[in-house]
Amino acid sequence: GINAEYGVVSEGQRRQIISELTDDKTAVECCWYYLRDHQMLVEPACGATLSFVYSGKVLECAKGNGPIIVVICGGATVDIDTLRGLVSDLGVDTKLDKIYPLEKMSK
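Fair warning: this is a prediction, and the values are worked out from it, not measured in the lab.

A. Structural context of helix 4 (residues 44-54). Here helix 4 has its buried residues at Cys46, Gly47, Leu50, Ser51, Phe52, Val53 and Tyr54. Phi for Gly56, located one or two positions after helix 4, is positive at around 90°.

What follows is the structure in structure tokens.
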């Protein structure tokens, strides 16, 4: 196939794939903190990816594994009212002084 022709399949087979799970509350919390940090709204699906970064797990995986690429996308179907509703429904802590492990490491 075309992917194999360009080396995509073989490259993917050579790399270690790490799968992480998160819950809805953590995903929405990370959306809220991404909004705080970057003034950009993202959907909870993106918040799941962000939880890998904000938790510091990305640093653990990066050790000896080369660069890690995290794609941050998905804001077309979310607005501030929707995010606030999810925050309220899930009981997300929105205190702006909360510090994630990654932030502690960078200070």
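The structure having been displayed, the exposition proceeds.
B. The arrangement of helix 3 (residues 24-38) in detail. Compared with an ideal rise of 1.5 Å per residue, which puts 15 residues at 21 Å, helix 3 spans 21 Å between its outermost C-alpha atoms and is within 8% of the ideal. Inspection of helix 3 places Ala27, Val28, Glu29, Cys30, Cys31, Trp32, Tyr33, Tyr34 and Arg36 among the buried residues, and these make up the whole buried set. Capping of helix 3 at its N-terminal end is provided by Asp23; its side-chain oxygen lies 3.3 Å from the backbone amide nitrogen of Lys25. Just beyond helix 3, the residue with positive phi is Gln39, at close to 50°.

C. Seen up close, the side chain of Glu43. In this fold, Glu43 is placed in the loop between helix 3 and helix 4. It is Arg84 that comes nearest to the buried, bridge-free Glu43 among opposite-charge side chains, at 17 Å. Polar contacts involving the side chain of Glu43 include one to the side chain of Thr77, which spans 2.7 Å.

D. Broad picture of the nonpolar core. Val42, Leu50, Tyr54, Leu83 and Val87 are the most contacted members of the largest nonpolar core, which totals 14 residues. For this core, the secondary-structure elements that each account for two or more residues are helix 3, helix 4 and helix 6 (80-90). Top contributing element to this core by residue count: helix 3, with 6 residues.

E. Region of interest: the pattern of salt bridges. Evaluation of the coordinates by the stated rule reveals 2 salt bridges. Where Glu20 meets Lys57, a salt bridge forms, and the shortest distance between an N and an O atom there is 3.1 Å. A residue pair is termed long-range when its members are at least 10 positions apart, and Glu20 in the loop between helix 2 (8-14) and helix 3 and Lys57 in helix 5 (residues 57-62) qualify at 37 residues. Taking relative accessible area as the criterion, Lys57 reaches 31% and is therefore assigned partly exposed. With a shortest N-O distance of 2.6 Å, Arg36 and Asp37 are connected by a salt bridge.

F. Seen up close, the packing of helix 3 against helix 4. Packing of helix 3 against helix 4 leaves a shortest axis separation of 7 Å and a crossing angle of 80°. The orientation of helix 3 relative to helix 4 falls into the category roughly perpendicular. Residues Thr26, Ala27, Val28, Cys30, Cys31, Tyr33, Tyr34, Asp37 and His38 of helix 3 lie in contact with helix 4, whose contacting residues are Pro44, Gly47, Ala48, Leu50, Ser51 and Tyr54. Residue composition of the contact of helix 3 with helix 4, by class: 10 nonpolar, 4 polar and 1 charged.

G. The arrangement of the environment of Val28 in detail. Mapped onto the secondary structure, Val28 falls in helix 3. For the pair Val28 and Val92, spaced 64 residues apart in sequence, the C-alpha to C-alpha distance is 7.5 Å. In contact with Val28, not counting residues within four places along its chain, are Pro44, Leu83, Leu86, Val87, Leu90 and Val92.

Calculation notes
- Residues numbered from 1 in each chain as written.
- Predicted model: local features only at pLDDT ≥ 70, side-chain atom pairs only at ≥ 80, totals over all residues.
- Heavy atoms only, no water.
- Buried < 20%, exposed > 50% of the residue type's maximum accessible area, 1.4 Å probe, protein only.
- Helix = DSSP H or I, 4+ residues; strand = E, 2+ residues; numbered from the N terminus.
- Expected span 1.5 Å × (residues − 1).
- Polar contact = N/O pair within 3.5 Å; in protein donor to acceptor, adjacent residues only side chain to side chain.
- Lys, Arg positive; Asp, Glu negative; His and termini not counted.
- Salt bridge = Lys/Arg side-chain N within 4 Å of Asp/Glu carboxyl O.
- Core = buried A, V, L, I, M, F, W, Y, C linked by side-chain atoms within 4.5 Å.
- Axes fitted to C-alpha atoms, helices over the stretch in contact; angles between N-to-C directions.
- Parallel < 35°, antiparallel > 145°, perpendicular 65-115°, else oblique.
- Contact = heavy atoms within 4.5 Å.
- Nonpolar A, V, L, I, M, F, W, Y, C, P; charged D, E, K, R; others polar.

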